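# Examination of the molecular architecture
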Amino acid sequence: DVRLRPTLLYAGTFRLDEWGRAVWSDEDKPLLDELGRGLKTLNLVRNPDALKTTREAVIKWMINQPNEVRAGAILPPEVVGQAASTARADLVLAGLTTGDADHTWTLALYSALHPAPDVTTLRTDRPEMARDFVRRLETVPAATAPWFGMSLVDTQYEPAAGAAGRPADQGGPLVVRVLPGSPAAKAGVKLGDRVRSVGERRTASVKEVNAAFAAEMARPGGLRATLVLAVDDLSGTRTARFSPEDGPVVLPLTDPTMLYNRALAEFRLRARAAQDDLERGVALLNLGVAFMHFRAHDRANSDGFARASLPQGTGISDGTVQYFRGLCAMRRGDPGMARAAFKTATAATTSTLESNDGPSAASAAARLLKILE
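As the structure is a computational prediction, the values presented were derived from the model and not from experiment.

Now for the pattern of salt bridges. Close approach of charged atoms allows side chains of opposite charge to pair. Scanning the entire structure with this criterion turns up 17 salt bridges. Residue glutamate 266 is joined to arginine 270 by a salt bridge in which the shortest nitrogen-to-oxygen separation is 3.3 Å. Of this pair, glutamate 266 and arginine 270 are both found in helix α8 (residues 260–273), four residues apart, which corresponds to roughly one turn of the helix. Looking at glutamate 266, the relative accessible area reads 3%, which means it is buried. Owing to a relative accessible area of 17%, arginine 270 belongs among the buried residues under this scheme. Linked by salt bridges that have partners in common, Glu34, Arg37 and Arg131 make up one network.

Okay, structure coming up:
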């Protein structure tokens, strides 16, 4: 039951003046206070020798390369690599201030896997900014999300549909996709059904259905909620009961609230500690997506997608991996590999993106394949 956690080395905040002199600064008290409250999802390096060695290396580099520092390179790869080898750090965090009057300093989070940082701007006179950063640093990328297995769209009332003795279309949330083998499919939800209520809540829109789902899932007690839906079609109204299952989640390529180096460290550990092929495949898929965020497309493919083995089937599956392999190849200028991957993905008609309830990976691949051709 022990959970593996990435290790963070916080090197401190450094001041670089206009003459190229660099020193270790004490202007990081707001951040130190927040880190000192105790990290729950990260190990923090506390070895004095390792911290001293890293700080000395940072100061030496800043003095020798002040222009690179002012251009935004707070830490060079060799310093991050040294911290990774001597302190077993997965992540290295450092701050820089250049003496601006507005108390502004830059915080950079590096991963041992590649040189590009996540960059955040803080102010020493606004401690809530440090609190928000540590909250983001503590946020573990989601591994799973509830899987319902159906997609809805909003429709409007159409009185003309009642011609020739047929009942008028009353509008409302319309089921436009039911994935085979999903909880919704097992409960008897069908294409063309309309969701009239969830539990005691009337639902006149997709937004209201989603809010009702969220409320049902948030009930205390830790037990998986059973959703009771009133659905109707031309034959009348019936009840569908099902409990959502857990399904894997894929990182967004761009999320301004996410620290992607944190995600890299997390998913590398998850891939190494995975208990089965599905867990390992999803972790490697997400590792590839995190590399793609930094435009490290070769690493995304070699370390992530090429190693992510997922079964063919419904939801996050082999078709998902093939879509991202094609997108990665397209962005690194390999149209031949992109076409091959997209063609494989288009054949996986029940594969999805984002989550098991996400958009169709096959449809997305078909659109990009058409662009390539």
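And the narrative resumes.
Take the environment of phenylalanine 324 next. The residue phenylalanine 324 is located in helix α11 (residues 318–331) in this model. When the C-alpha atoms of phenylalanine 324 and asparagine 301 are compared, they prove to be 8.8 Å apart, with 23 residues separating the residues in sequence. Once residues lying within four places of it in the same chain are set aside, the contact partners of phenylalanine 324 are Val250, Leu285, Val289, Met292, Phe305 and Leu353.

For the rest of this paragraph, the subject is the packing of aromatic side chains. By the definition in use, this model includes five aromatic pairs. Here the aromatic rings of phenylalanine 305 and phenylalanine 324 are separated by 5.9 Å at their centres, their planes lie at 20°, and the arrangement is stacked. Of this pair, phenylalanine 305 sits in helix α10 (residues 297–305) while phenylalanine 324 sits in helix α11, and the two are 19 residues apart along the sequence. Exposure class is identical for phenylalanine 305 and phenylalanine 324. Each is buried. Ring centres of tyrosine 323 and phenylalanine 324 lie 5.3 Å apart, and the angle between their planes is 80°; this geometry places the pair in the edge-to-face category. In this structure, tyrosine 323 and phenylalanine 324 share a single accessibility class: buried. An aromatic cluster is built from Phe305, Tyr323, Phe324 and Phe342, whose rings are joined through pairwise contacts.

So, on to the pairing of strand β6 (residues 114–123). Two elements, strand β5 (residues 104–111) and β6, share seven bridges in a ladder whose sense is antiparallel. Of the residues in β6, the one forming a bridge with alanine 108 is valine 119. Where β5 folds back on β6, the antiparallel hairpin that results is connected by two residues.

Leu285, Phe305, Tyr323, Phe324 and Phe342 are the most contacted members of the largest nonpolar core, which has 40 residues in total. Of all the secondary structure elements, the ones that give two or more residues to this core are α8, α9 (277–293), α10, α11, α12 (335–347) and α13 (361–372). Looking at which element gives the most residues to this core, the answer is α9, with nine residues. With near-sequence residues (within four places) excluded, phenylalanine 305 lies in contact with Leu284, Leu285, Gly288, Val289, Met292, Ala300, Val321, Phe324, Arg325 and Cys328.

So, on to helix α2 (residues 48–64). The end-to-end C-alpha separation of α2 is 24 Å, in line with the 24 Å expected for 17 residues at 1.5 Å each. For α2, the complete set of buried residues consists of Ala50, Leu51, Thr54, Arg55, Ala57, Val58, Ile59, Trp61 and Met62. Contact partners of the buried residues in α2: β1 (7–16), β2 (22–25), α3 (66–70), α4 (77–86) and β4 (91–97). A distance of 2.9 Å separates the backbone nitrogen of aspartate 49 from a side-chain oxygen at the start of α2, and that oxygen is part of asparagine 47.

Glycine aside, the phi torsion of most residues is negative, and most peptide linkages are trans. Its identity as a non-glycine residue notwithstanding, arginine 88 has a phi of 55°, on the positive side. Tracing the chain through its elements places arginine 88 in the loop between α4 and β4. In this structure, glutamate 354 takes a positive phi of about 70° despite not being glycine. Examined against the element boundaries, glutamate 354 turns out to sit in the loop between α12 and α13.

Quick notes on the rules
- Residues numbered from 1 in each chain as written.
- Predicted model: local features only at pLDDT ≥ 70, side-chain atom pairs only at ≥ 80, totals over all residues.
- Heavy atoms only, no water.
- Salt bridge = Lys/Arg side-chain N within 4 Å of Asp/Glu carboxyl O.
- Helix = DSSP H or I, 4+ residues; strand = E, 2+ residues; numbered from the N terminus.
- Buried < 20%, exposed > 50% of the residue type's maximum accessible area, 1.4 Å probe, protein only.
- Contact = heavy atoms within 4.5 Å.
- Phe/Tyr/Trp six-rings, centres within 6.5 Å; stacked < 30°, edge-to-face > 60°.
- Pairing = 2+ DSSP bridges.
- Core = buried A, V, L, I, M, F, W, Y, C linked by side-chain atoms within 4.5 Å.
- Expected span 1.5 Å × (residues − 1).
- Polar contact = N/O pair within 3.5 Å; in protein donor to acceptor, adjacent residues only side chain to side chain.

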